[in-house]
Amino acid sequence: MEVQAETEHQPFSRRYHNEQACMEALITMKWPNGFVCPRCAHTRCSRLTSRRVPLFECARCAHQTSALVGTMFERTHLPLTKWFQALELFLLPDGISAMRLSQVIQVTYKTAWVMLQKIRHALGEFNSRELLCGDVKVNSDLYGCNPSRPQFPHPHASAVVAGCTVTESGEPEQVKIRLVPQMRGDGHGANRHELAVFINEQVDVRASAVQSFPQAYRLYRPLRKVVREAWTSLKSTYVALGPKHLQAYLNEYTGRRRLRLSEAEGTMWKKLLYIGVAIPAITYRRLIARQPDQPLAAAS
Ligand SMILES: [Zn+2]
């Protein structure tokens, strides 16, 4: 039931090259201290291995469950090896487009798009539960300014409110970037009201010292740098992002940045796997309902 300790230091591709290794990793992630029945909390079970996905039957109430229930991987028809590869590629410094992912792991474009949306959803949900707390800076900024020509915002630059916690040396740690959708393209940043809304929703104000920067010419520079890096990174991976999808991609960027910042290279994907196990999958119907565009029309 446990991943062998001696495999801990092997490269990802060698450790998770077959279904069984991936499944055991998921089981360990789901029940780190051994099986717990989701219905009656009993801890003894028998394992039925005749199916593709092993079932665990509770020894007390006979409830059957698998390690995939309630996770991002529930009801997937894909080999777990492909999912694990997708998680690893998602964590590349600039992420991966659905087109590229479909080529690398040999699935259709639509399948790759849905996989990435599911990973994006899990990461976004996970991070949205955590408020900014501590020494917090909040900027009214524009997303879409070319760093080399900051005085000329892109005609479609979007007003955003960006907030972060900072380390002792003043570097942004946890970052959140929120679009102000109704203020797209007019060259103006978010106003004081928008900043107040952001602080109210995204900051644990009782436990934080909040400093806000509402004026474009006097922003908290290290945080402005992150917003520009987000633009550069997303632009390099996703050719064109419509406003409808932009918030999800910004969440992806800040989520990935946080994982890369706080986790060692080898454990980043493990954290992402943990998130995938902790957050139930978004259904395809909800995914589409939330984004009225046809998935194939999304330039991702
Ligand atoms: Zn039970």
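From a predicted model like this one, the values you see are computed outputs, not experimental measurements. (Residues numbered from 1 in each chain as written. Predicted model: local features only at pLDDT ≥ 70, side-chain atom pairs only at ≥ 80, totals over all residues.)

Undergrad: What is the right way to look at the overall build of the chain in this model?
TA: Summing up its helical and strand segments, the chain has 10 helices and seven strands in all. For the chain, long-range pairs separated by at least 24 residues make up 62% of all intrachain contacts whose partners lie at least 6 apart in sequence. (Helix = DSSP H or I, 4+ residues; strand = E, 2+ residues; numbered from the N terminus. Contact = placed C-beta atoms within 7 Å.)

Undergrad: Explanation requested: the nonpolar core in the structure shown.
TA: In globular proteins that are soluble, nonpolar side chains generally tend to be buried together. Core analysis: the biggest nonpolar cluster contains 35 residues, and L26, A86, L87, L101, L116 and I119 have the highest contact counts within it. Where this core is concerned, the elements lending two or more residues are α2 (19-30), α3 (80-90), α4 (98-105), α5 (109-128) and α9 (265-278). Residue contributions to this core peak at eight residues, all from α5. Those residues in contact with I119 that sit more than four places away from it in its chain are A86, L87, F90 and G276. By size, the runner-up hydrophobic cluster in this structure holds 32 residues, among which are A157, C164, F213 and W231. (Core = buried A, V, L, I, M, F, W, Y, C linked by C-beta atoms within 7 Å. Buried ≥ 20, exposed ≤ 12 C-beta atoms within 10 Å, placed from the backbone.)

Undergrad: Honestly, the packing of α5 against α9 in this entry has me stumped. Any pointers?
TA: Relative placement of two packed helices is described by the angle separating their axes and the distance separating the axes. For the pair α5 and α9, the least separation of the axes is 9 Å and the interaxial angle reads 90 degrees. Put simply, α5 runs roughly perpendicular to α9. From α5, I119, A122, L123 and F126 reach across to α9, where they touch I275, G276 and A278. (Axes fitted to C-alpha atoms, helices over the stretch in contact; angles between N-to-C directions. Parallel < 35°, antiparallel > 145°, perpendicular 65-115°, else oblique.)

Undergrad: What exactly am I supposed to notice about the sheet that holds strand β1 (residues 45-48) here?
TA: The strands that make up a sheet pair up through hydrogen bonds in the backbone, lying either parallel or antiparallel. On the basis of which strands lie adjacent, the open sheet formed by three strands has the order β1-β2-β3 and antiparallel pairing. Only two strands of the sheet have a single partner each, and these edge strands are β1 and β3 (64-65). Note that strand β2 (residues 55-58) and β3 share two bridges and pair antiparallel. Directly across from E57, in β3, lies its bridge partner Q64. (Pairing = 2+ DSSP bridges.)

Undergrad: Looking at this model, I keep getting lost on α9. Mind explaining?
TA: Each turn of an α-helix holds 3.6 residues, which means side chains three or four residues apart point in the same direction. In this model α9 runs 21 Å from its N-terminal to its C-terminal C-alpha over 14 residues, within 8% of the 20 Å that 1.5 Å per residue would give. Of the positions making up α9, those classed as buried are W269, L272, L273, I275, G276 and V277. (Expected span 1.5 Å × (residues − 1).)

Undergrad: It is not clear to me how the pairing of β2 should be interpreted in this structure. Could you clarify?
TA: Within a regular beta strand, the side chains point alternately toward one face of the sheet and then the other, so they alternate between its two faces. By the alternation rule, side chains of β2 split into F56 and C58, which are all buried, and L55 and E57, of which none is buried. Across four bridges, the pairing between β1 and β2 is antiparallel. The residue of β2 that forms the bridge with L48 is L55. Linking β1 to β2, which pair antiparallel, is a turn of six residues. Hairpin connection between β2 and β3: a loop of five residues separates the two successive antiparallel strands, and A62 in this loop has a positive phi of roughly 65 degrees.

Undergrad: Honestly, the confidence of the model for the chain in this entry has me stumped. Any pointers?
TA: Keep in mind that low pLDDT regions are not for reading the predicted coordinates in detail. On average, residues of the chain score 86 in pLDDT, and 85% of them are at 70 or above. Contacts of residues 1-6 to residues separated by more than four positions or lying in other chains number seven contacts, the stretch itself having pLDDT below 50. For residues 292-300, every residue scores under 50 in pLDDT, and the model assigns this stretch 18 contacts once sequence neighbours within four places are set aside. (pLDDT = per-residue confidence, 0-100.)

Undergrad: When you look at unusual backbone geometry in this model, what are you seeing that I'm missing?
TA: In this model, R75 sits at a positive phi of 65 degrees, which is unusual for a non-glycine residue. With respect to the helices and strands, R75 occurs in the loop between β3 and α3. With 10 C-beta atoms counted inside 10 Å, the residue R75 sits in the exposed group. In this structure, Q106 is a non-glycine residue whose phi angle is positive, near 60 degrees. Mapped onto the secondary structure, Q106 falls in the loop between α4 and α5. The exposure class assigned to Q106 is exposed, which follows from the 11 C-beta atoms found within 10 Å.

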